[in-house]
Amino acid sequence: MMHIAQEAQERHVLTITVDNEAGILAKIAGLFTARGYNIDSLTVADITDGHDVSRITIVTHGPPPVIDQIRAQLERLVPVHKVTDLTEVGPFVERELALVKVSGKGENRVEALRLADVFRAKVVDTTTSSFVFELTGAPDKIDSFVSLMKELGLVEVGRTGIVGMIRGATAA
């Protein structure tokens, strides 16, 4: 029996500064699609007063040579100003925002509020039979909160995707 060696898959957080231009997001996503790699998380936001530059944060998995190739091809796209692999530049902070709707009464309602307090989730909407919690943190924290809420009446989850930034006084 022949065994084919597979390259190790590594998680990478890429930040890309681009001109706000029609079609740029499709071009960037196409680089990943062409290589058969998934984008685990994607966020885009305007970062200038003039609304002419945006920052895209992409979380993906892949072997180092493929990530290097994607980064090099991203850097060659005309409206791209800068590509940074936060995973390689040093310690960085990453956060995600989630809205989590939970329906319940009695003890389940009390327990949902207690757990929300432990996770520092904020109640942003409430009815007599449901809550919508706002939670910000690392993806693992949000995953844990959602998992616990499944037992208490989880109805719906909305997540923003990850935003990351290197630590310290300098920009990436």
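Residues numbered from 1 in each chain as written. Predicted model: local features only at pLDDT ≥ 70, side-chain atom pairs only at ≥ 80, totals over all residues. Heavy atoms only, no water.

- Going by what an unreviewed UniProt entry lists, the chain is known as Acetolactate synthase small subunit and is assigned to Novosphingobium taihuense.
- Looking at the Function (unreviewed entry) heading of the UniProt record, one finds this comment for the chain: "Catalyzes the conversion of 2 pyruvate molecules into acetolactate in the first common step of the biosynthetic pathway of the branched-amino acids such as leucine, isoleucine, and valine."
- Heading Sequence similarities (unreviewed entry) of the UniProt record for the chain holds this comment: "Belongs to the acetolactate synthase small subunit family." (UniProt positions renumbered as here; feature names shortened; annotations may be inferred.)

## A word on the sheet that holds strand E4 (residues 80–85)
And step 1. On the basis of which strands lie adjacent, the open sheet formed by four strands has the order E2-E3-E1-E4 and antiparallel pairing. The outermost strands of the open sheet, each flanked by one partner alone, are strand E2 (39–46) and E4. On average, adjacent strands in this sheet sit at an angle of 15° to one another, irrespective of strand direction.
And step 2. Direction of pairing for strand E1 (residues 10–19) relative to strand E3 (residues 53–62): antiparallel, over a ladder of ten bridges. Bridging from a neighbouring strand, Ile16 pairs with Ile56 of E3. (Pairing = 2+ DSSP bridges. Helix = DSSP H or I, 4+ residues; strand = E, 2+ residues; numbered from the N terminus. Axes fitted to C-alpha atoms, helices over the stretch in contact; angles between N-to-C directions.)

## Regarding the packing of aromatic side chains
And step 1. Enumeration according to the criterion identifies three aromatic pairs in this entry.
And step 2. A centroid spacing of 5.8 Å and a plane angle of 90° characterise the contact between Phe133 and Phe145, whose relative ring orientation is edge-to-face. Of this pair, Phe133 sits in strand E7 (residues 130–137) while Phe145 sits in helix H5 (residues 139–150), and the two are twelve residues apart along the sequence. Here Phe133 and Phe145 have matching classes, each one buried. (Phe/Tyr/Trp six-rings, centres within 6.5 Å; stacked < 30°, edge-to-face > 60°. Buried < 20%, exposed > 50% of the residue type's maximum accessible area, 1.4 Å probe, protein only.)

## Side note on the UniProt feature "domain: ACT" (unreviewed entry) in the chain
And step 1. On the UniProt side, "domain: ACT" (unreviewed entry) is annotated at positions that read residues 13–88 here.
And step 2. Helix makes up 36% of residues 13–88 and strand 41%, with an end-to-end C-alpha separation of 9 Å.

## Some remarks on the packing of helix H1 (residues 24–34) against helix H2 (residues 64–76)
And step 1. At a minimum axis separation of 10 Å, H1 and H2 run at an interaxial angle of 155°. Classified by the angle between their axes, H1 and H2 sit roughly antiparallel to one another. Relative to H2, H1 is oriented so that their crossing is right-handed. Facing H1, whose interface residues are Ile28, Leu31 and Phe32, H2 presents Ile70, Gln73 and Leu74.
And step 2. Taken together, the residues of the contact of H1 with H2 sort by class into five nonpolar, one polar and no charged. (Parallel < 35°, antiparallel > 145°, perpendicular 65-115°, else oblique. Left-handed = near helix turned anticlockwise from the far one by under 90°. Contact = heavy atoms within 4.5 Å. Nonpolar A, V, L, I, M, F, W, Y, C, P; charged D, E, K, R; others polar.)

## With respect to the pattern of salt bridges
And step 1. According to the stated counting rule, one finds eight salt bridges in the structure shown.
And step 2. With a shortest N-O distance of 3.7 Å, Arg71 and Asp68 are connected by a salt bridge. Note that Arg71 and Asp68 are positioned in helix H2 at a spacing of three residues, about one turn of the helix.
And step 3. Relative accessible area serves as the criterion here: at 35%, Asp68 is assigned to the partly exposed category.
And step 4. A single network of salt bridges, built from pairs that share partners, joins Asp68, Arg71, Asp85 and Glu88. (Salt bridge = Lys/Arg side-chain N within 4 Å of Asp/Glu carboxyl O.)

## Examining H5
And step 1. The terminal C-alpha atoms of H5, which comprises twelve residues, lie 17 Å apart, in line with the 16 Å expected from a rise of 1.5 Å per residue.
And step 2. Regarding H5, the residues found buried are Pro139, Ile142, Phe145, Val146 and Met149. Projected onto a plane normal to the axis of H5, the buried residues spread over an arc of 125° and lie on a single side.
And step 3. Looking at the buried positions of H5, the neighbouring elements they touch are E1, strand E5 (92–103), helix H4 (106–118), E7 and strand E8 (154–159). (Expected span 1.5 Å × (residues − 1). Arc of directions from axis to C-beta.)

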